[in-house]
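# Close look at the chain arrangement
What follows is each chain in one-letter form.
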Amino acid sequence: MDGAGSGRARKDGGGSAHWDDADADAGEGEVAAKRAPSVPMPALGCHLEELFKKKGSVREDALTSIIQIFSHQIKHEFVEDNFATLLYRFLNCVKNGSPKEVALASRAIGLLAMTTKCRDKARELYEESVSLFSKALKPHAKKLYNEMTNSLVVVTYFCADASVETEKSMQILWDFIHQQGGTNISKDADALSILVAAISAWSCLLSTLDGWRVDSKLWKGAIPYFLSLLKTNNIEAVQLVACEALFLILEIGSLRKFSDETEACDDIAKLVRSTVCSINPTIIKYSEEDKFPKKSIAVGRQRVNLSTWSESIQLNFFKQFLGKDGFITHMLGNKLLRDVFEFVNQEGPSNTRLDVPEREEVVKHYLLPVRKPKARDKARSKEIDLSFSSSKEKLVDQRMNKSANSAKNKARTQLLNKNRTLSEERNIGHFISED
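This section reports on the structure supplied with the text. This one's a predicted model, so the numbers in the text were calculated from it and none came from an experiment.

On a plain count of helices and strands, the protein chain comes out with 17 helices and 2 strands. Relative to its 435 residues, the protein chain shows a buried fraction of 47%. Long-range pairs, those at least 24 residues apart, make up 76% of the contacts in the protein chain between residues at least 6 apart in sequence. A total of about 22,300 Å² of accessible surface is found on the protein chain, and carbon and sulfur atoms cover 49% of it.

This is the structure in structure tokens:
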């Protein structure tokens, strides 16, 4: 990306996007959504208390409200103060709730992962939730799969410390993909939807890794699998995610790690391109030079320019997870997500530099009509300092400097108002609406 947001969206070692200092910029995230009404802090506390109720419908309503708030407002402070309660109530809902409650709680866990800034808390969230999702993502859990998959990706994306942990989550997804019974599933709408979500999630996590970090054994059959998927399915959604996965693999390199063949990398790349073109040459514009078809999206009044498959896949995933309005809110107000895309909120208060001088003074210059000095007066002025002022000059001085309506006092008032406005902008920020 370049311009407003630039750079490749990769993160070393599986790439946690968290800050080490939990207290850094604590107030920055408390930026209310531009499209959602501000919710008082006590309301969140009430919803949290409702998660302890025995009635399932009450917990479902509470989870729905919490998700709505977390999607459209950045609640760093509330999350840090109530992290343990939030996490373990969400986990309890996943373990013991109805299918609807499990889906809602899974989504809430993902939102919690991208809101907490404390490194230790993020670590705890990763260890507790990934283990639970690993056990819960079984073939019989098809109705819950999409929400669990999305949450697993978000938790791994923001909370994993190393590439081996990222690949652990990728392996959970990969195993579930192959449990669906091969590549020809065009007649099963539910299985089709799950497959598309699983491949998108797997690709999103792969996009955070560099080729040299990828395990040399785990993904040996990836390229043959995606090529087979293209050949046996004519569903555009399946073809799209398969093509994206293949082009992402070409982009990050180390092709032999994803292929069963012993061919040279150039030969593998040619096979991928020729297969894609033979199946559907118009589905994705992809040049022979392996250049990503550049595009940009609007974020508030700015634009994010995408220049790699990694950036495009990650942005599309988070936009789908948060929704259009939620995505814009988090991009503008959540530093954790902004750092993923190296996006600089040029209109937000946290990134607006106000160049204010330490001191300003008002100076007014005025001229009095005076008589033309004579030659002898000029000569005398070189010898002595004349400090005499006439009554007329004193009256003018009083009007110009001491009167409440004087030009000098009016200018001083304007200066004070200007400094007060600048101070307020530094302290409370301002909202940005999307064009």
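All right, on to the nonpolar core then. Membership of the largest hydrophobic core comes to 111 residues, with the highest contact counts inside it found for Phe158, Trp202, Phe226 and Phe258. With residues near it in sequence (within four places) discarded, Trp202 still touches Met170, Leu173, Trp174, Trp219, Ala222, Phe226 and Phe258.

Turning our eyes to something else, we now look at the packing of helix H4 (residues 83–96) against helix H5 (residues 99–113). The interhelical angle for the contact between H4 and H5, taken along N-to-C directions, is 150°, at an axis separation of 8 Å. Comparing the axis directions of H4 and H5 gives the class roughly antiparallel. Remark: the crossing between H4 and H5 carries left-handed chirality. Contacts between H4 and H5 involve Phe83, Leu86, Leu87, Phe90, Leu91, Cys93 and Val94 on the former and, on the latter, Glu101, Val102, Ala105, Ser106, Ala108, Ile109 and Leu112. Across the contact of H4 with H5, the residue classes break down as 12 nonpolar, 1 polar and 1 charged.

Now for the pairing of strand S1 (residues 295–299). Across 5 bridges, the pairing between S1 and strand S2 (residues 302–306) is antiparallel. Bridging from a neighbouring strand, Ser296 pairs with Asn305 of S2. In this antiparallel pair of consecutive strands, S1 and S2, the connection spans 2 residues, and Gly300 shows a positive phi of 60°.

This structure, assessed with the given rule, holds 9 salt bridges. The partner of Arg119 in a salt bridge is Asp161, with the nearest N and O atoms 3.2 Å apart. Of this pair, Arg119 sits in helix H6 (residues 119–136) while Asp161 sits in the loop between helix H7 (145–159) and helix H8 (163–178), and the two are 42 residues apart along the sequence. With a relative accessible area of 16%, Arg119 lands in the buried category. Judged by its relative accessible area of 37%, Asp161 falls in the partly exposed class. With a shortest N-O distance of 2.4 Å, Arg123 and Glu165 are connected by a salt bridge. Here Glu165 lies in helix H8 and Arg123 lies in helix H6, a separation of 42 residues in the sequence. What you see here is one network of salt bridges that share partners, running through Arg119, Arg123, Glu127, Asp161 and Glu165.

This model, assessed by the stated rule, comprises 14 aromatic pairs. Ring geometry for Trp174 and Tyr225: centres 5.6 Å apart, planes at 70°, overall edge-to-face. Of the two residues, Trp174 is situated in helix H8 and Tyr225 in helix H10 (residues 222–232); the sequence distance between them amounts to 51 residues. There is no split in this pair, since Trp174 and Tyr225 are both buried. Ring plane angle 75° and centroid distance 5.8 Å describe the contact between Trp174 and Phe226, whose orientation is recorded as edge-to-face. Separated by 52 residues along the polypeptide, Trp174 in helix H8 and Phe226 in helix H10 bring together distant segments of the chain. The pair Trp174 / Phe226 is uniform in exposure class, with both members buried. Above the ring of Phe321, the side-chain terminus of Arg107 is found at 4.7 Å from the ring centroid.

On to the environment of His47, then. Relative to the elements of secondary structure, His47 occurs in helix H1 (residues 41–50). Assessed through its relative accessible area of 17%, His47 is described here as buried. Sequence spacing of His47 and Arg59 is 12 residues, and the spatial spacing of their C-alpha atoms is 8.4 Å. Leaving out residues up to four positions away in the same chain, His47 has contacts with Ala62, Ser65, Ile66 and Ile69.

Its location among the elements puts Ser203 in helix H9 (residues 189–206). In this structure the C-alpha to C-alpha distance between Ser203 and Ala242, which are 39 residues apart in sequence, comes to 9.3 Å.

Below, the discussion takes up a negative patch on the surface. Residues Asp260, Glu261, Glu263, Asp266 and Asp267 make up a contiguous surface patch of negative charge. Tracing the backbone shows Glu261 in the loop between helix H11 (236–252) and helix H12 (265–279).

Here the focus is the side chain of Ser106. One can find Ser106 in helix H5. For Ser106, the side chain forms a polar contact with the main-chain oxygen of Val102, separated by 2.8 Å. When near neighbours in sequence (up to four residues on either side) are disregarded, Ser106 contacts Val94, Phe133, Glu147, Met148 and Ser151.

Reading the values: the criteria
- Residues numbered from 1 in each chain as written.
- Predicted model: local features only at pLDDT ≥ 70, side-chain atom pairs only at ≥ 80, totals over all residues.
- Heavy atoms only, no water.
- Helix = DSSP H or I, 4+ residues; strand = E, 2+ residues; numbered from the N terminus.
- Buried < 20%, exposed > 50% of the residue type's maximum accessible area, 1.4 Å probe, protein only.
- Contact = heavy atoms within 4.5 Å.
- Areas by Shrake-Rupley, 256 points an atom, 1.4 Å probe, with all protein chains shown as cover.
- Core = buried A, V, L, I, M, F, W, Y, C linked by side-chain atoms within 4.5 Å.
- Axes fitted to C-alpha atoms, helices over the stretch in contact; angles between N-to-C directions.
- Parallel < 35°, antiparallel > 145°, perpendicular 65-115°, else oblique.
- Left-handed = near helix turned anticlockwise from the far one by under 90°.
- Nonpolar A, V, L, I, M, F, W, Y, C, P; charged D, E, K, R; others polar.
- Pairing = 2+ DSSP bridges.
- Salt bridge = Lys/Arg side-chain N within 4 Å of Asp/Glu carboxyl O.
- Phe/Tyr/Trp six-rings, centres within 6.5 Å; stacked < 30°, edge-to-face > 60°.
- Lys NZ or Arg CZ within 6 Å of the ring centre and 35° of its normal.
- Patch = residues over 30% accessible without salt bridge, like charges linked within 9 Å, V, L, I, M, F, W, Y side chains within 5 Å.
- Lys, Arg positive; Asp, Glu negative; His and termini not counted.
- Charge placed at Lys NZ, Arg CZ, Asp CG, Glu CD.
- Polar contact = N/O pair within 3.5 Å; in protein donor to acceptor, adjacent residues only side chain to side chain.

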